Amino acid sequence: MVPDAEVRSYYDQPVLKAPVWRWPIPAYFFAGGLAGASATLALAARVAGNDRLARRALLNSAGAVLVSPVLLVEDLGRPGRFANMLRVLKPTSPMNTGAWLLAAMGPAAVGAAASELTGVARGPGRALECASGALGPLLATYTAVLVSDTAVPAWHEAGRELPFVFASGAAASAGAAAVLLTPGPEAAPARRLALFAALAELAGTRIMERRLGPEAGAPYGGGGRAARLSRWAAALTAGGAALMAAGRRRRTLEVAGAATLLAGAAVERFAVVQAGTESALEPRATVAPQRRRLSGAARPGARGQLGAGAQPGAGAQRGEETRPSPA
Amino acid sequence: MNEHGPRVGFFTDTSVCIGCKACEVACKEWNGVPEDGLDFRATSYDNTGMLGANSWRHVAFVEQARPVPSGDGGGSGVRWLMSSDVCKHCTRAACLDVCPTGALFRSEFGTVVVQADVCNGCGYCVPACPFGVIDQRKDDGRAWKCTFCYDRLGAGLEPACAQACPTDSIQFGPLDELRARAARRVSRLQEQGTAEARLYGHDQGDGVGGAGAFFLLLDDPEVYGLPPDPVVTTRDLAGMWRAAAAAALSLAAGVAAVFAGSRR
Ligand code: SF4
């Protein structure tokens, strides 16, 4: 590892621009995850013959999917132009892919829920239920690709782990939300989902933070805002899971646990977004790995490994020449 | 890469930059870019700070204490590095790749331009750019950056900054010609004893496929606030989608698994 003092910069100014996304974006990451995993939970419950749970999960999905575009539009610099995302199909842009995904998921989940509530058009309603259940896992995970597909080290370098963090957070949210609406034995699968997913979320988050290492993962260590949010998220998730586990026969405990679990998943999204901001503003997080990559590659022109993944040469030291001290 | 003539570029030779900021002023005047605040940063003569929505050229001032030859055999002094930074108009441009509306596009000159009337202000291009160039204008919500004077190119003129530069530090022309000229310039400087002269952004094998705006620098790129080995983030997009697909499948499998045994 190159010590910080050796990493040079332009008066400590950031190399990257910090993301401009405000609170609606992490809130949408949470809502989209809840909507997606709830739709899948509804479909699985239906297949298992648990119609009561299917109905509640479907309602959760429809509710969350209705909130999602509101959040997205709220954050746009030009809200009136939201529909511009749907004028092109652009596979290189995960945000574009996501807009189409949401455009398909929204009507499916809402239509399925409407049919469920009114009893009208049950056949098409079931078809929409299947569609939303199938799209759900993608809606819950594409947002991880969205943030990883940036130059921000804490996001880009987490490209492999972040989808699992978001998927488990979404599953925990869907389970917890279904338990909130569904007292009694029919909620047992949702309860199991919430507990297992909460454990997976806790483990996935720790693995992600560990693998990011001291440079890209810097925002998650120390006493900054992202680190505090991440610790809150872990505490809420663990506490919520414990309460739910303890509350199997006490509805109040269970409700409190489910709500706490939902809060944990939401705060985790805010932690990830905040970590991106802090990472972008830290020039060393950008410069140090790139500098190591260059000294590992030796000859100029010897690093045309496009498409080979972003792993830097293993800890190669720079310093083959003496350089003037930084300004 | 296009049928409308050769791809154009900027070659910014920082070894002759005098830090006059004529480029910054000409850019603002021609493009009607709002003022960006005059911050005295107490670090150098730089009162622009960095590129942004309202600064499409930025002259960096690097003040370095270092040994300099003097009459009686040597001593220490200060060397100034000045460099006019700009959007790199990447061959593989992350901003353009991630833009969900198609507002960012590749022009017939090979440059990267934002169509202001299509941009919906989603802000995705901002953290995507590996050089920290493009940014959102707070008051109107849209993303802005250097257009390479798209309007002037269309009229057969060179960009305002290049025309205003009094020392020809900013050179405009067909990219191939500029690359050849830059190669000659850097070897001449090295022969003359400026061993630290190096090109930045000229290599088509780099992580952004080579920049349309490239530089001759006299120190490491990071000293000027430039990333030493930028990579277009979408290079790794397929791997990210694979991970997301695996996570999505795990989610579906997990949801199915919790119903095991509960079938009635
Ligand atoms: S430097 Fe940044 S803003 Fe300019 S073309 Fe490259 S990615 Fe886009």
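Computed from a predicted structure; not experimentally measured. (Residues numbered from 1 in each chain as written. Chains lettered and ligands numbered in written order. Predicted model: local features only at pLDDT ≥ 70, side-chain atom pairs only at ≥ 80, totals over all residues. Heavy atoms only, no water.)

All names here are of chain A. In the contact formed by helix α2 (residues 51–75) and helix α3 (residues 94–118), the axes pass within 9 Å of each other and the chain directions differ by 140 degrees. On the basis of their axis angle, the class for α2 and α3 is oblique. Where α2 crosses over α3, the two elements pack in a sense that is left-handed. Facing R55, L58, L59, S61, A62, V65, L66, S68, P69 and L72 of α2, the residues of α3 in contact are L102, M105, G106, A109, V110, A112, A113, E116 and L117. Looking at the contact of α2 with α3 residue by residue, the classes come out as 14 nonpolar, 3 polar and 2 charged. (Axes fitted to C-alpha atoms, helices over the stretch in contact; angles between N-to-C directions. Helix = DSSP H or I, 4+ residues; strand = E, 2+ residues; numbered from the N terminus. Parallel < 35°, antiparallel > 145°, perpendicular 65-115°, else oblique. Left-handed = near helix turned anticlockwise from the far one by under 90°. Contact = heavy atoms within 4.5 Å. Nonpolar A, V, L, I, M, F, W, Y, C, P; charged D, E, K, R; others polar.)

Further remarks concern the sheet that holds strand β10 (residues 213–217) of chain B. Residue and element names in this part refer to chain B. Within the open sheet, the 4 strands sit side by side as β8-β1-β10-β9. Their pairing is mixed. Both edges of this open sheet fall to β8 (170–174) and β9 (198–200), since each of them pairs with a single strand only. Between one strand axis and the next, the sheet turns through 20 degrees on average, direction left out of account. Here strand β1 (residues 8–13) runs beside β8; their pairing, made up of 5 bridges, is antiparallel. In the strand pairing of β8, V8 is matched with P174. Those strands touched by helix α6 (residues 175–191) are β1, β8, β9 and β10, and its axis lies near 135 degrees from that of β8. (Pairing = 2+ DSSP bridges.)

Turning next to the interface of chain B and chain A. Listed as interface residues are 88 residues of chain B and, on the opposing side, 84 residues of chain A. Note on chain B versus chain A: buried area summed over both sides is about 6,700 Å², and carbon and sulfur give 59% of it. Applying the counting criterion to the chain B and chain A interface returns 5 salt bridges. For R8 of chain A, the salt bridge identified is with D219 of chain B, shortest N-O distance 2.9 Å. (Buried area = accessible area lost by both parts, 1.4 Å probe. Salt bridge = Lys/Arg side-chain N within 4 Å of Asp/Glu carboxyl O.)

Let's shift gears to the pairing of β1 of chain B. Residue and element names in this part refer to chain B. Of all 6 residues that make up β1, 6 are buried, and the element is covered over most of its length. Sheet topology note: the β1/β10 ladder contains 4 bridges and is parallel. Bridged to F10 within β10 is A213. (Buried < 20%, exposed > 50% of the residue type's maximum accessible area, 1.4 Å probe, protein only.)

Annotation of chain B at the domain level lists domain 1 (8–89 + 145–232) and domain 2 (234–264). Just the C-alpha atoms count here: the centres of domain 1 of chain B and domain 2 of chain B sit 47 Å apart. (Domains from an automatic or database assignment.)

The environment of the ligand is formed by 14 residues, the closest being C87, K88, C90, C95 and C129 of chain B. Residues belonging to the shell around the ligand are distributed by class as follows: 11 nonpolar, 1 polar and 2 charged. (Near = heavy atom within 4 Å.)

Moving on, we get to unusual backbone geometry. Non-glycine residue A121 of chain A carries a positive phi angle of around 50 degrees. Positionally, A121 of chain A belongs in the loop between α3 and α4 (122–148). Taking relative accessible area as the criterion, A121 of chain A reaches 43% and is therefore assigned partly exposed. Even without glycine at this site, K21 of chain B takes up a positive phi of about 65 degrees. The topology assignment puts K21 of chain B in the loop between β1 and α1 (22–31).

A separate point is the pattern of salt bridges. Scanning the model with the defined rule gives 29 salt bridges over all chains in all. For D12 of chain A, the salt bridge identified is with R284 of chain A, shortest N-O distance 2.6 Å. Residue D12 of chain A is found in the segment before α1 (24–47), and its partner R284 of chain A is found in helix α10 (residues 283–297); the two are separated by 272 residues along the sequence. Residues R79 of chain B and E196 of chain B are paired through a salt bridge, measuring 3.0 Å at the closest nitrogen-oxygen approach.

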